[in-house]
Amino acid sequence: MQNIDWNDPKCALGTHFTVKDAIYLPTWARLANESDGLDDTIKANLLELFGQMDVVRNQFNKPIRVHVSYRPALYNVAIGGAQHSAHSEGLACDFDVIGMDCDSVRKYIVDNGLLDTWDMRCEDLPKSNWVHLDCRDPLPNGKRFFIP
C-alpha cells in the first residue's frame, strides 16, 4: 500500500484527491479513524476508489467536490444511510462536479457508456445534489445504473 498518512487531511491519495476527501465525516466534523473501523482493507478500497475518481475528474476536466466517501457503520446509521452501503466498505463516493448540475453529470456518464469503461456503478437519483459512484460489481441483471 502507498505511503499514506491517514491522519493528515491534506495527504494526497492520487492526483486530485486527499485523505480528507476519502475519510472526512461531515456530520461529525472529523476524519474517520481506526476506532471507526478504518482498517487496511477499507484503506485499500479507498485507494482503488480514488484512483478511479481521478479518472472521473480527468473525464470532466473540472474540479470535483466530494460530499462523503467512507462512512463507518455507526455514522451510516446516524445519517440514515442504506443498510448495506458501499460507503461503509470504502467503495463509494458522493460528489458534484463544479459548474455542472448532477443530473447532467449522470446523463453524460450513462449516455457515454462510462460506467462499463470505469467498472463502476451509479445511483439513479434525479434532482439530487450529488452523484454517487461506487466500485461494486454490477447488479445481477448486469446493470450499473440503478435505483437505490
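Coordinates for the structure precede this section.
These figures come from a predicted structure and were not determined experimentally.

J.: Would you take a moment to explain the environment of isoleucine 79 for this structure?
T.: Its location among the elements puts isoleucine 79 in the loop between helix 3 (73–78) and strand 4 (92–97). The exposure class of isoleucine 79 is partly exposed, given its relative accessible area of 36%. Once the C-alpha coordinates of isoleucine 79 and threonine 27 are considered, the two residues, 52 residues apart in sequence, prove to be 8.0 Å apart. If we ignore the near neighbours within four places in the chain, the residues touching isoleucine 79 are Thr27 and Arg71.

J.: It is not clear to me how the packing of aromatic side chains should be interpreted in this structure. Could you clarify?
T.: Geometry of an aromatic ring pair is reported as the spacing of the ring centres plus the angle between the planes. Under the definition given, this model contains three aromatic pairs. Aromatic pair phenylalanine 17 and phenylalanine 50: ring centres 5.3 Å apart, planes at 55°, arrangement tilted. Of this pair, phenylalanine 17 sits in the segment before helix 1 (19–23) while phenylalanine 50 is found in helix 2 (residues 40–60), placing the two residues 33 residues apart along the sequence. Across this residue pair, the class does not change: phenylalanine 17 and phenylalanine 50 are buried. The ring of tyrosine 24 has lysine 20 lying over it, and the distance from NZ or CZ to the ring centre is 5.0 Å. When the ring centre of phenylalanine 146 is taken as reference, the NZ or CZ atom of arginine 121 above it lies at 4.3 Å.

J.: Any chance you could explain the pattern of salt bridges here in plain terms?
T.: Two side chains bearing opposite charge may form a pair once their charged atoms approach each other closely. Scanning the model with the defined rule gives ten salt bridges in all. Between arginine 71 and aspartate 94 there is a salt bridge, with the nearest N and O atoms lying 4.0 Å from each other. Pair noted here: arginine 71 is in the loop between strand 3 (64–68) and helix 3 and aspartate 94 is in strand 4, with a separation of 23 residues, a long-range link. Residues joined in a network through salt bridges with shared partners are Asp116, Asp119 and Arg144.

J.: Just checking my understanding: could you explain helix 2 for this structure?
T.: Owing to its 3.6 residues per turn, the α-helix aligns residues three or four sequence positions apart on the same side. Over its 21 residues, helix 2 extends 30 Å from the first C-alpha to the last, a length consistent with the 30 Å expected when each residue adds 1.5 Å. Those residues of helix 2 lying buried are Ile42, Lys43, Asn45, Leu46, Leu47, Leu49, Phe50, Met53, Asp54, Val56, Arg57 and Phe60. If you follow the buried residues of helix 2, they end up packed against helix 1, strand 3, strand 4, helix 4 (102–111), helix 5 (114–118) and strand 6 (131–134). Taking the backbone nitrogen of threonine 41 as reference, a side-chain oxygen 3.2 Å away marks aspartate 39 as the first, capping residue of helix 2. A positive phi of about 55° marks asparagine 61, the residue just after helix 2.

J.: Hey, could you run me through the side chain of arginine 71 in this one?
T.: The class for arginine 71 is buried, based on a relative accessible area of 8%. Here serine 85 takes part through its side chain, which lies 3.3 Å from a polar atom of the side chain of arginine 71.

J.: How should the sheet that holds strand 4 be read in this particular structure?
T.: Paired through backbone hydrogen bonds, the strands of a sheet run either parallel or antiparallel to each other. Spatially, 3-4-6-5-7 is the arrangement adopted by the five strands of the open sheet, whose pairing is mixed. The two strands at the open ends of the sheet, each matched to only one other strand, are strand 3 and strand 7 (145–146). Of the pairings in the sheet, the one linking strand 3 to strand 4 comprises four bridges and is antiparallel in character. Residue pairing for strand 4: valine 68 is matched across the bridge by aspartate 94. Each of strand 3, strand 4 and strand 6 touches helix 2; the most contacted strand, strand 4, lies at about 20° to it. Across the face of the sheet, helix 4 comes into contact with strand 4, strand 5 (121–123), strand 6 and strand 7 while running at roughly 35° to strand 6.

About the cut-offs
- Residues numbered from 1 in each chain as written.
- Predicted model: local features only at pLDDT ≥ 70, side-chain atom pairs only at ≥ 80, totals over all residues.
- Heavy atoms only, no water.
- Helix = DSSP H or I, 4+ residues; strand = E, 2+ residues; numbered from the N terminus.
- Buried < 20%, exposed > 50% of the residue type's maximum accessible area, 1.4 Å probe, protein only.
- Contact = heavy atoms within 4.5 Å.
- Phe/Tyr/Trp six-rings, centres within 6.5 Å; stacked < 30°, edge-to-face > 60°.
- Lys NZ or Arg CZ within 6 Å of the ring centre and 35° of its normal.
- Salt bridge = Lys/Arg side-chain N within 4 Å of Asp/Glu carboxyl O.
- Expected span 1.5 Å × (residues − 1).
- Polar contact = N/O pair within 3.5 Å; in protein donor to acceptor, adjacent residues only side chain to side chain.
- Pairing = 2+ DSSP bridges.
- Axes fitted to C-alpha atoms, helices over the stretch in contact; angles between N-to-C directions.

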